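Tertiary structure, described
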Amino acid sequence: MGERTVAAAVPWASERRRAGARPSLAAKALGAAAVVVLATGLYLGLAVVPPDAVQGEVQRIIYLHVPSIVTAYLAFFVVFCSSILYLWKRDLRFDAVAVSSAEIGVVLTGITLATGSIWGKSTWGVWWTWDARLTLTAILFTIYVGYLMLRAFAEEPQAGARYGAVLAIIGFLDIPLNHLAVQWWRTLHQPSSILRPGGPSVALVMLVPLAINFAGLILLYTYLLLERIRLERIRHRAAETRLKRGRRG
Amino acid sequence: MGSWGFIGLAYGVGSVALLLYLILLKRRLRDARDELAALEGDGGRGTR
């Protein structure tokens, strides 16, 4: 029954030319560009930029930590928009984008939590504390891990897509809450120093590697997203082929 | 652990996570492609 609904709703999977047997040239170019840009940003952040006057050398973790969470926010925003479009149009192409983007967002949020924990140990002396920003980031991670589990264990693909879309839309509300947490509550985590009223409070020399790493992670995210969507396309085509064989049999 | 130890740990964890995800994604793509090829091969034989 699941395969029937997938095949009926995914005409794109049956187009042999577009079935995604090989990565597109654009995807390959994005992957190569991501490696070059990230290598440049990491070199600047680790070897060129001077240490922070207050935190010292360990502040260099921020050049990975901040771009990771901002790119994760972008990934979940794509999930949010794709989920709305799926519920509206009932087109599994939007669902494929949503589930693909959610997976990458979870990886990036995991990296954010891990690098933040390492930075916290070196700066605060603890690996973890139940600070509002940290807790809301952990909740964000848990929500989208739950989303992926829901998608993986759903027996009926369209029901999984529907429930997943609702969870993804509600889960996205955690992001503005997380961003504003450092303004609303007294938190151990420092307040926003880039996306804040009045512009960034970070020195330009430190903003440059942050911006380059952010660009590199956006390129990497786009590359991974295209590859992950290709996987969905191949799976849908396999489901459609199984269904056709079943009909003939 | 010194500052550079923490920095190495953070960048190491980040790099390993991304690399592992990429490797697993490529493996899933290869498996899905093989499954599709097998299905289409079987289907082709069945219709001849």
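Criteria and cut-off values
Residues numbered from 1 in each chain as written. Chains lettered and ligands numbered in written order. Predicted model: local features only at pLDDT ≥ 70, side-chain atom pairs only at ≥ 80, totals over all residues. Helix = DSSP H or I, 4+ residues; strand = E, 2+ residues; numbered from the N terminus. Buried ≥ 20, exposed ≤ 12 C-beta atoms within 10 Å, placed from the backbone. Contact = placed C-beta atoms within 7 Å. Nonpolar A, V, L, I, M, F, W, Y, C, P; charged D, E, K, R; others polar. Axes fitted to C-alpha atoms, helices over the stretch in contact; angles between N-to-C directions. Parallel < 35°, antiparallel > 145°, perpendicular 65-115°, else oblique. Left-handed = near helix turned anticlockwise from the far one by under 90°. Core = buried A, V, L, I, M, F, W, Y, C linked by C-beta atoms within 7 Å. Expected span 1.5 Å × (residues − 1). pLDDT = per-residue confidence, 0-100.

Thoughts on the overall build of chain A
Secondary structure summary: chain A contains eight helices and zero strands in total. Taking the principal axes of its C-alpha atoms as reference, chain A extends roughly 70 × 40 × 30 Å. For chain A, with 249 residues in total, the buried portion stands at 43%. When contacts within chain A are restricted to residue pairs at least 6 apart in sequence, those whose partners lie at least 24 apart make up 79%.

Section: the overall build of chain B
Secondary structure summary: chain B contains one helix and zero strands in total. Here chain B holds 48 residues, and 17% of them are scored as buried.

Looking at the environment of Gly14 of chain B
Looking at where Gly14 of chain B falls in the secondary structure, it is placed in helix H1 (residues 3-47). Apart from the residues lying within four places of it in its own chain, the contact partners of Gly14 of chain B are Leu64, Ser68, Ile111 and Thr115 of chain A.

Structural notes on the interface of chain A and chain B
Contacts between the two partners involve 31 residues from chain A, matched on the other side by 23 residues from chain B. Of all the elements, helix H8 (residues 204-248) of chain A adds the most residues to the side of chain A that touches chain B, at 14 residues. In the side of chain A that touches chain B, the residues fall into 13 nonpolar, six polar and 12 charged.

Notes on the packing of helix H4 (residues 92-123) of chain A against helix H6 (residues 157-172) of chain A
All names here are of chain A. The geometry of H4 relative to H6 is characterised by a closest axis approach of 11 Å and an angle of 55 degrees between their N-to-C directions. Between H4 and H6, the interaxial angle falls into the category oblique. In terms of crossing hand, the pair formed by H4 and H6 is left-handed. Residues Leu92, Asp95, Ala98 and Ala102 of H4 form the contact with H6, whose participating residues are Ala161, Ala165 and Ala168. Considered class by class, the residues forming the contact of H4 with H6 number six nonpolar, no polar and one charged.

As for the nonpolar core
For soluble globular proteins, nonpolar side chains are generally found buried alongside one another. Ile61, Phe76, Ala98, Ala102, Ala168 and Leu220 of chain A are the most contacted members of the largest nonpolar core, which totals 59 residues. The set of elements that each furnish at least two residues to this core consists of helix H2 (25-48), helix H3 (62-89), H4, helix H5 (132-153), H6, helix H7 (174-184) and H8 of chain A together with H1 of chain B. Considering each element in turn, this core owes the most residues, 16 residues, to H4 of chain A. With residues up to four places along the chain from it excluded, the contact list for Phe76 of chain A reads Gly105, Tyr144, Phe172 and Ile175 of chain A. Among the nonpolar cores identified, the runner-up in size contains seven residues, and Ile234, Ala238 and Ala239 of chain A together with Leu36 of chain B belong to it.

Description of the packing of H3 of chain A against H4 of chain A
All names here are of chain A. At a minimum axis distance of 7 Å, the contact between H3 and H4 shows a crossing angle of 155 degrees. Comparing the axis directions of H3 and H4 gives the class roughly antiparallel. As for how H3 packs across H4, the hand of that crossing is left-handed. Of the residues in the contact of H3 with H4, the class split is 17 nonpolar, 11 polar and two charged.

Here's the deal with H4 of chain A
Residue and element names in this part refer to chain A. The terminal C-alpha atoms of H4, which comprises 32 residues, lie 46 Å apart, in line with the 46 Å expected from a rise of 1.5 Å per residue. Among the 32 residues in H4, 28 count as buried, and that is most of the element. Once H4 ends, the next one or two residues include Gly125, with phi positive near 90 degrees.

A look at H5 of chain A
Residues and elements named next belong to chain A. The terminal C-alpha atoms of H5, which comprises 22 residues, lie 31 Å apart, in line with the 32 Å expected from a rise of 1.5 Å per residue. Every buried residue of H5 is accounted for by Arg133, Leu134, Leu136, Thr137, Leu140, Ile143, Tyr144, Tyr147 and Arg151. Each element contacted by the buried residues of H5 is listed here: H3, H4, H6 and H7.

Quick word on the confidence of the model for chain B
Residue and element names in this part refer to chain B. Of the residues in chain B, 85% reach a pLDDT of 70 or more, and the chain-wide mean stands at 87. Low pLDDT, under 50, characterises residues 44-48; the predicted model gives this stretch one contact beyond four residues in sequence or across chains. Across the whole predicted complex the pTM is 0.88, and at the interface the ipTM reaches 0.87.

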